[in-house]
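Structural description and commentary
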Amino acid sequence: MDTFGVIGPGAVGSVIGESLHTSGYQVTFLGRKAGEVYIERASASETAAFPVEAISEAETVFDYLFITVKGTQLEGIIPYLDKLTHENTVCILCQNGYGQLDKFHIPNAYQAVVYISGQKKEKVVTHFRDRILILPENPVTKKLKEGIAASNLDIRLSPDYRYEVWYKLLVNLAINSVTALSRNTALILEEEKIQHLCKRLIQEGIAIAAAEEIHFQEGITEEIMRIYAGYPPYMGTSMYYDIIAGKTMETAYIQGYLYEKSQTYGLDTPCLDAVYSLLLASEMRG
Ligand code: NDP
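Residues numbered from 1 in each chain as written. Predicted model: local features only at pLDDT ≥ 70, side-chain atom pairs only at ≥ 80, totals over all residues. Heavy atoms only, no water.

1. Quick look at the overall build of the protein chain
Looking only at helices and strands, the protein chain features ten helices and nine strands. Its C-alpha radius of gyration of 19 Å places the protein chain within 12% of the 19 Å reference for a compact globule of 286 residues. For the protein chain, buried positions account for 50% of its 286 residues. Partitioning the intrachain contacts of the protein chain with sequence separation of at least 6 by distance along the chain shows that 60% fall at a separation of at least 24. Approximately 14000 Å² of the protein chain is accessible, and the part contributed by carbon and sulfur atoms is 51%. Of the charged side chains in the protein chain, 25 are positive and 35 negative; the average position of the first set lies 4 Å away from that of the second. (Helix = DSSP H or I, 4+ residues; strand = E, 2+ residues; numbered from the N terminus. Rg over C-alpha atoms; globule rule 2.2 N^0.38 Å. Buried < 20%, exposed > 50% of the residue type's maximum accessible area, 1.4 Å probe, protein only. Contact = heavy atoms within 4.5 Å. Areas by Shrake-Rupley, 256 points an atom, 1.4 Å probe, with all protein chains shown as cover. Lys, Arg positive; Asp, Glu negative; His and termini not counted. Charge placed at Lys NZ, Arg CZ, Asp CG, Glu CD.)

Spelled out as structure tokens, the structure:
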């Protein structure tokens, strides 16, 4: 039987681990310290509990490793990857943004576009919705999908994976930037100037995507604005929650990734350049 490990028992990792565990797969949750993680849902009165092993103590070698720490936390887990993997281990990096795979030296490593919505506070994960991971379509990911078909983890293999990556980048770009920089929730979308800034950011992102040969259909900006309009006003974003909590944001992998591409292609992206500079400045400490 294949062995599954989840490094980073947070919002995304715990839901992935739970999906596998409840369907009888052999899964280990690996955190900084040994303990437990709890998952709760508004729709269910019961809270599910799962044991967490300290990654430093773990001795299992896994066939599949889901890496679900934040992009900013990757450096902390890389030293452990050698002991947790064999030559055919498949690593699935489950993070927002793009460009982090370059940090790995594992041949079978893929980044998933993640649609699992949740939030971790202390030891409790609140799972809001979805269990979807989008991966590039190839024999390795096909085997993974077939291997965990009995679980409710929804692995989607996309023949147009890069489109999916860029779509999520565009969705994250505008709303994460404006909520983090204003230190305010989605209620700021009621302000027309913020809507206008979001549209400009998305359009700049579309231009960068086009330089990368990824072409979005007409009306994509309006589509993403409609997604934002569906957010409840009290909802934050991951970068908003990080800045409020004084944690390092995943700027490097979202705005930073896009900024570097914009520079490479010599594009004019004034809104992106401004928000990226301000996000960097917001994390400077004396
Ligand atoms: P969380 O902060 O909830 O989870 C990260 C987990 O990794 C935490 O439990 C953290 O532990 C653990 N961790 C950090 N460093 C280590 C380490 N060195 N060893 C072991 N465990 C470690 O993050 P999310 O699950 O929210 O986000 C994960 C990724 O998924 C991010 O890239 C995010 O942008 C993306 N994403 C998140 C979504 C969401 O709704 N939450 C939606 C879509 C994508 P500790 O608490 O001790 O720091």
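2. Comments concerning the UniProt feature "domain: Ketopantoate reductase N-terminal" (unreviewed entry) in the protein chain
UniProt tags residues 5-129 as "domain: Ketopantoate reductase N-terminal" (unreviewed entry). Structurally, residues 5-129 comprises 15% helix and 50% strand, and the distance from its first C-alpha atom to its last is 22 Å. (UniProt positions renumbered as here; feature names shortened; annotations may be inferred.)

3. Some words on a positive patch on the surface
Together, Arg-32, Lys-33, Lys-120, Lys-123 and Lys-247 give the surface a local cluster of positive charge. You can call Lys-33 exposed: its relative accessible area is 67%. (Patch = residues over 30% accessible without salt bridge, like charges linked within 9 Å, V, L, I, M, F, W, Y side chains within 5 Å. Salt bridge = Lys/Arg side-chain N within 4 Å of Asp/Glu carboxyl O.)

4. Structural notes on the site of the ligand
Not every one of the 24 residues close to the ligand is listed here, only the nearest: Ala-11, Val-12, Arg-32, Gly-118 and Glu-250. Backbone polar atom of Ile-116 to an oxygen atom of the ligand: 3.2 Å apart, as the coordinates give it. Relative to its unbound accessible area of 890 Å², the ligand is 84% covered by the protein chains. For the shell around the ligand, the elements supplying multiple residues, two or more each, are helix 1 (11-21), helix 2 (74-77) and strand 7 (109-121). Counting residues per element, the shell around the ligand draws most heavily on strand 7, at five residues. Its residues assigned to classes, the shell around the ligand comprises nine nonpolar, ten polar and five charged. (Near = heavy atom within 4 Å. Polar contact = N/O pair within 3.5 Å; in protein donor to acceptor, adjacent residues only side chain to side chain. Nonpolar A, V, L, I, M, F, W, Y, C, P; charged D, E, K, R; others polar.)

5. Let's talk about the pairing of strand 5 (residues 62-67)
Where burial is concerned, most of strand 5 is hidden: five out of the six residues are buried. As defined by bridge partners, strand 1 (residues 3-7) adjoins strand 5 across four bridges and the pair is classed as parallel. Its bridge partner lying in strand 5, Ile-7 is registered against Ile-67. (Pairing = 2+ DSSP bridges.)

6. Concerning the UniProt feature "domain: Ketopantoate reductase C-terminal" (unreviewed entry) in the protein chain
Following the UniProt record, one finds the feature "domain: Ketopantoate reductase C-terminal" (unreviewed entry) at residues 161-281. The straight-line gap between the two end C-alpha atoms of residues 161-281 is 33 Å; of that span, 67% is helix and 0% is strand.

7. Section: the nonpolar core
Across soluble globular proteins, nonpolar side chains show a tendency to be buried alongside one another. Counting residues in each nonpolar core, the largest one holds 36 residues, and the members touching the most others are Trp-166, Cys-198, Leu-201, Phe-216, Ile-224 and Tyr-228. At the level of elements, strand 8 (124-136), helix 5 (161-182), helix 6 (192-211), helix 7 (220-229), helix 9 (255-264) and helix 10 (270-282) are the ones that each hand at least two residues to this core. By residue number, the principal contributor to this core is helix 5, which donates twelve residues. Here this core spans two domains, since at least three of its residues come from each of domain 1 (3-158) and domain 2 (161-280). Every residue in contact with Phe-216, bar those within four places of it in the chain, is listed here: Tyr-163, Trp-166, Tyr-167, Leu-170 and Ala-209. Judged by nonpolar contacts, the second largest core, of 31 residues, contains Val-6, Ala-112, Ile-116 and Leu-157. (Core = buried A, V, L, I, M, F, W, Y, C linked by side-chain atoms within 4.5 Å. Domains from an automatic or database assignment.)

8. Brief notes about the domain arrangement of the protein chain
Assigned domains of the protein chain: these are domain 1 (3-158) and domain 2 (161-280). Distance from the C-alpha centre of domain 1 to the C-alpha centre of domain 2: 25 Å. Taken residue by residue, the interface counts 19 residues in domain 1 and 16 residues in domain 2. Contact between domain 1 and domain 2 buries roughly 1700 Å² in total, counting both sides, with carbon and sulfur atoms accounting for 56%. For Asp-242, the salt bridge goes to Lys-70, with nearest N and O atoms at 2.8 Å. (Buried area = accessible area lost by both parts, 1.4 Å probe.)

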